[in-house]
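Reading the structure
As a plain string of letters, each chain reads:
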Amino acid sequence: DMKVTQMPRYLIKRMGENVLLECGQDMSHETMYWYRQDPGLGLQLIYISYDVDSNSEGDIPKGYRVSRKKREHFSLILDSAKTNQTSVYFCASSLRENTLYFGAGTRLSVL
Amino acid sequence: QQKVQQSPESLIVPEGGMASLNCTSSDRNVDYFWWYRQHSGKSPKMLMSIFSNGEKEEGRFTVHLNKASLHTSLHIRDSQPSDSALYLCAASNTGNYKYVFGAGTRLKVIA
């Protein structure tokens, strides 16, 4: 069963706290992504990972970093979260240039 | 300015009617287009993709692509209330694995 799992689903943090969003996939996909979704802006690419320790900035990487130490696991880290990072974050994976499979999303509120 | 523009922003059609959604990329390197559907509170799921000039039909859904103008359109015939969702267009080009999304068209089908 092809699945992308995101944890946690909901998160409330205070400004300045560190945030860790985790994503796992069971499809052995090489490529994984982190997007954020805000009303009226669609999905914006934060980072892309081509495989273990092979990461590349997307369109809005500022304030974020990522870690991929295993092919099936991709983490998004916010060091000292800001209120403008309140958003819904989606992780996705794909096999080469093919369909993106999305996780259920993490709704992050930074107060 | 977003590289992928979608129109209209929102659309209301009667049940059984035809819904037509548009998408244009401003990046001349794009050669793949994707349509994703996202129901409220859910994650995006791939609906259709198109890479060649022309038309592709799957059930009630038809996608057109004009590569010269980098324009794609999605047409939904016999629209159902369950088709009510946010429709996201994405574009990518060979080799960089990056999918750029438009802001989406919010479709509402009323009974």
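Our structure's up above, just so we're on the same page.
Residues numbered from 1 in each chain as written. Chains lettered and ligands numbered in written order. Predicted model: local features only at pLDDT ≥ 70, side-chain atom pairs only at ≥ 80, totals over all residues. Heavy atoms only, no water.

Looking at a positive patch on the surface
The test is simple: A patch is a set of surface residues, each over 30% in relative accessible area and not in a salt bridge, joined within 9 Å for like charges and within 5 Å for the nonpolar side chains Val, Leu, Ile, Met, Phe, Trp and Tyr. The method behind every accessible area is Shrake-Rupley, applied with a 1.4 Å probe, and residues are considered shielded solely by the protein chains displayed. Only one rule defines a salt bridge in this text: a Lys or Arg side-chain nitrogen within 4 Å of an Asp or Glu carboxyl oxygen. His is not counted, nor are the chain ends, whereas Lys and Arg count as positive and Asp and Glu as negative. Where a charge lies is defined by one atom per residue type, namely NZ (Lys), CZ (Arg), CG (Asp) and CD (Glu). Under the DSSP-based scheme used, a helix requires at least four consecutive residues in state H or I and a strand at least two consecutive residues in state E, with every element numbered from the N terminus.
Taken together, the side chains of Arg9(A), Arg107(A), Lys42(B) and Lys45(B) define a basic patch exposed on the protein surface. Turning to its location among the elements, Lys42(B) is positioned in the loop between β4 (32-38) and β5 (45-50).

Examining the sheet that holds strand β8 (residues 73-78) of chain A
Residues and elements named next belong to chain A. Rules: The pairing criterion for strands is at least two bridges between them, as found by DSSP. Between the N-to-C directions of two axes lies an angle of 0 to 180 degrees, each axis being a line fitted to C-alpha atoms and, for a helix, fitted only over the stretch in contact.
Pairing within the open sheet is antiparallel, and its four strands lie in the order β1-β3-β8-β7. With one partner strand each, in any of the chains shown, β1 (4-7) and β7 (65-70) form the two edges of the open sheet. Each adjacent strand pair in this sheet contributes to an overall mean axis angle of 20°, direction not counted. Judged from the six bridges that link them, strand β3 (residues 19-25) and β8 form a sheet pairing that is antiparallel. Residue pairing for β8: Leu20 is matched across the bridge by Ile77.

Regarding the pattern of salt bridges
Residues and elements named next belong to chain B. For the record, the criterion: Think of it in three bands: residues with accessible area under 20% of the maximum for their type are buried, residues over 50% are exposed, and the middle band is partly exposed, with areas taken using a 1.4 Å probe on protein chains only.
Enumeration according to the criterion identifies seven salt bridges over all chains in this entry. Across the pair Asp83 and Arg37 runs a salt bridge, and its minimum N-O distance is 3.2 Å. On the criterion of sequence distance, the pair formed by Asp83 in the loop between β8 (71-76) and β9 (85-92) and Arg37 in strand β4 is long-range, its members being 46 residues apart. Judged by its relative accessible area of 1%, Asp83 falls in the buried class. Measuring nitrogen to oxygen at the nearest pair gives 4.0 Å for the salt bridge that ties Arg77 to Glu57. With Arg77 in the loop between β8 and β9 and Glu57 in strand β6 (residues 54-58), this pair connects stretches of sequence that are 20 residues apart. Take Arg77: its relative accessible area is 41%, and that puts it in the partly exposed class. Residues joined by salt bridges that share partners form a network here, namely Arg37, Arg60 and Asp83.

Things to note about the sheet that holds strand β3 (residues 19-25) of chain B
Hydrogen bonds along the backbone pair up the strands of a sheet, which may run parallel or antiparallel. Residues and elements named next belong to chain B. Strand order in the open sheet formed by five strands is β1-β3-β8-β7-β6, with antiparallel pairing between adjacent strands. Edge positions in the sheet fall to β1 (4-7) and β6, since each has one partner strand and no second. Taking each pair of neighbouring strands and ignoring which way they run, the sheet shows an average axis angle of 15°.

What about the state of the cysteines?
What counts here: Whenever a pair of cysteine sulfur atoms sits within 2.5 Å, that pair is classed as a disulfide.
Counted according to the given criterion, the structure contains two disulfides over all chains. Disulfide pairing places Cys23(A) opposite Cys91(A) at an S-S distance of 1.9 Å. Of note, the bridge from Cys23(A) to Cys91(A) carries an S-S torsion of about -75° and is left-handed in sense. Linking Cys23(A) in strand β3 with Cys91(A) in strand β9 (residues 87-94), this pair joins segments that are 68 residues apart in sequence. Given the relative accessible area of 1%, Cys23(A) is considered buried. Note that Cys23(B) is cross-linked by a disulfide to Cys89(B), the S-S spacing being 2.0 Å. Taking the sign of the S-S torsion, about -70° here, the bridge from Cys23(B) to Cys89(B) comes out left-handed. With Cys23(B) in strand β3 and Cys89(B) in strand β9, this residue pair connects regions lying 66 residues apart in the sequence. Under the relative-accessibility criterion, Cys89(B) is labelled buried at 0%.

By themselves, these figures tell us nothing about what the structure is for.
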